[in-house]
Amino acid sequence: PEARSPKPEARSPKPEARSPKPDMEQPFICPYCWQQTSLVLEVSEDGPQAYVEDCEVCSRPLAVAFEVVDGEVEDLMVDTVDG
């Protein structure tokens with residue numbers, strides 16, 4: 001008879017640490033062309049963020065500002081760059 005190797009022990013999966021979401025899609029209405037589109041916002045670190053990004057529909061520059069609290073977007077503001 002053939003020698004069989006012992007079966008590996010079944011291990012229960014380790015509970016995975018909840019990792020922060022690296023990014024989140026957020027819909028908004030462009031203040032220039034009034035079309036609904038979305039931004040992908042990085043939410044891996046808490047705190048305020050602000051930058052300029054072009055609208056995917058009309059390509060005009062948008063002033064984007066928001067705050068990340070516990071991995072969630074709060075107070076998203078999308079405005080024209082001239083305010």
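Calculation rules
For every chain, the first residue of the written sequence is number 1, and numbering continues from 1 along that sequence. Given that this is a predicted model, residues contribute local features only at a pLDDT of at least 70 and side-chain atom pairs are listed and counted only at 80 or more, while totals for whole chains, interfaces and linings are drawn from all residues. Here the side-chain values reflect all heavy atoms present in the structure, with hydrogen atoms and water set aside. We count a stretch as a helix when DSSP gives it H or I for four or more residues in a row; a strand needs E for two or more, and each element gets its number in order from the N terminus. For each residue, the accessible area found with a 1.4 Å probe, counting protein chains only, is set against the maximum for its type, and the residue is called buried under 20%, exposed over 50%, and partly exposed in between. Whether two residues are in contact is decided by their heavy atoms, any of which lying within 4.5 Å being enough. Only the protein chains shown count as cover for residues, and the accessible areas themselves come from Shrake-Rupley with a 1.4 Å probe. In short, DSSP must find at least two bridges between two strands for them to pair. Helix axes use the C-alpha atoms of the stretch in contact, all axes being lines fitted to C-alpha atoms, and the angles between their N-to-C directions lie in the range 0 to 180 degrees. Patch membership is restricted to residues that have no salt bridge and whose relative accessible area is over 30%. Joining uses 9 Å for like charges and 5 Å for the nonpolar side chains Val, Leu, Ile, Met, Phe, Trp and Tyr. Throughout this description, the term salt bridge denotes a Lys or Arg side-chain nitrogen within 4 Å of a carboxyl oxygen of Asp or Glu. When charges are counted, Lys and Arg contribute as positive and Asp and Glu as negative, whereas His and the chain ends are disregarded. The atom standing in for a charge is NZ when the residue is Lys, CZ when it is Arg, CG when it is Asp and CD when it is Glu. For Phe, Tyr and Trp, rings pair up if their centres lie within 6.5 Å, where Trp contributes its six-membered ring, and each pair is then called stacked (planes under 30 degrees apart), edge-to-face (over 60) or tilted (otherwise).

Student: Can you walk me through the overall build of the protein chain in this structure?
Tutor: Secondary structure assignment for the protein chain yields zero helices and five strands. Ordering the α and β elements of the protein chain from the N terminus gives β-β-β-β-β. Among the 83 residues that make up the protein chain, the fraction classed as buried is 24%. Sequence separation of at least 24 residues holds for 30% of the intrachain contacts in the protein chain that already meet a minimum separation of 6. Total accessible area computed for the protein chain in this model is approximately 6,800 Å², and 49% of it derives from carbon and sulfur atoms.

Student: What exactly am I supposed to notice about the sheet that holds strand 3 (residues 47-54) here?
Tutor: What links the strands of a sheet is backbone hydrogen bonding, and the strands pair in either a parallel or an antiparallel sense. Strand order in the open sheet formed by three strands is 3-4-5, with antiparallel pairing between adjacent strands. For this open sheet the edge positions go to strand 3 and strand 5 (72-80), each flanked by a neighbour on one side alone. When the angles between neighbouring strand axes are averaged without regard to direction, this sheet yields 20 degrees. Pairing of strand 4 (residues 61-69) with strand 5, which is carried by seven bridges, proceeds in the antiparallel orientation. Along strand 5, the bridge assignment pairs alanine 65 with methionine 77.

Student: I keep staring at a negative patch on the surface and nothing clicks. Help me out?
Tutor: There is a patch of like negative charges on the surface, built from Asp23, Glu42, Glu45, Asp46, Glu67, Asp70, Glu74 and Asp75. Considering the arrangement of structural elements, one finds glutamate 42 in strand 2 (residues 36-42). Residue class for glutamate 42 comes out partly exposed when judged on its relative accessible area of 47%.

Student: Where do I start with the environment of glutamate 53 in this structure?
Tutor: Here glutamate 53 shows up in strand 3. C-alpha separation for the pair glutamate 53 and alanine 63, spaced 10 residues apart in sequence, amounts to 6.7 Å. Once residues within four sequence positions are removed from consideration, glutamate 53 is found in contact with Leu39, Arg60, Pro61, Leu62 and Val64.

Student: Which parts of the structure should I look at to understand the side chain of threonine 37?
Tutor: Structurally, the position occupied by threonine 37 is in strand 2. Ignoring sequence-local partners within four residues, the contact set of threonine 37 consists of Gln26, Pro27, Phe28, Cys55, Glu56 and Val57.

Student: Sorry if this is basic, but what is going on with the packing of aromatic side chains here?
Tutor: Pairs of aromatic rings are described using the distance from one ring centre to the other and the angle between the two planes. Enumeration according to the criterion identifies one aromatic pair in this entry. Relative to phenylalanine 66, the ring of tyrosine 51 has its centre 6.4 Å away and its plane inclined at 90 degrees; by these criteria the two rings are edge-to-face. In this pair, tyrosine 51 sits in strand 3 while phenylalanine 66 sits in strand 4, placing the two residues 15 residues apart along the sequence.

Student: Sorry if this is basic, but what is going on with unusual backbone geometry here?
Tutor: Glycine aside, negative phi is the norm for most residues, and most peptide bonds take the trans geometry. Positive phi, close to 65 degrees, is recorded for serine 59, a residue that is not glycine. A positive phi angle is found at aspartate 70, which is not glycine, with a value near 55 degrees. By the secondary structure assignment, aspartate 70 is in the loop between strand 4 and strand 5. Among the residues examined, aspartate 70 registers a relative accessible area of 65% and is labelled exposed.

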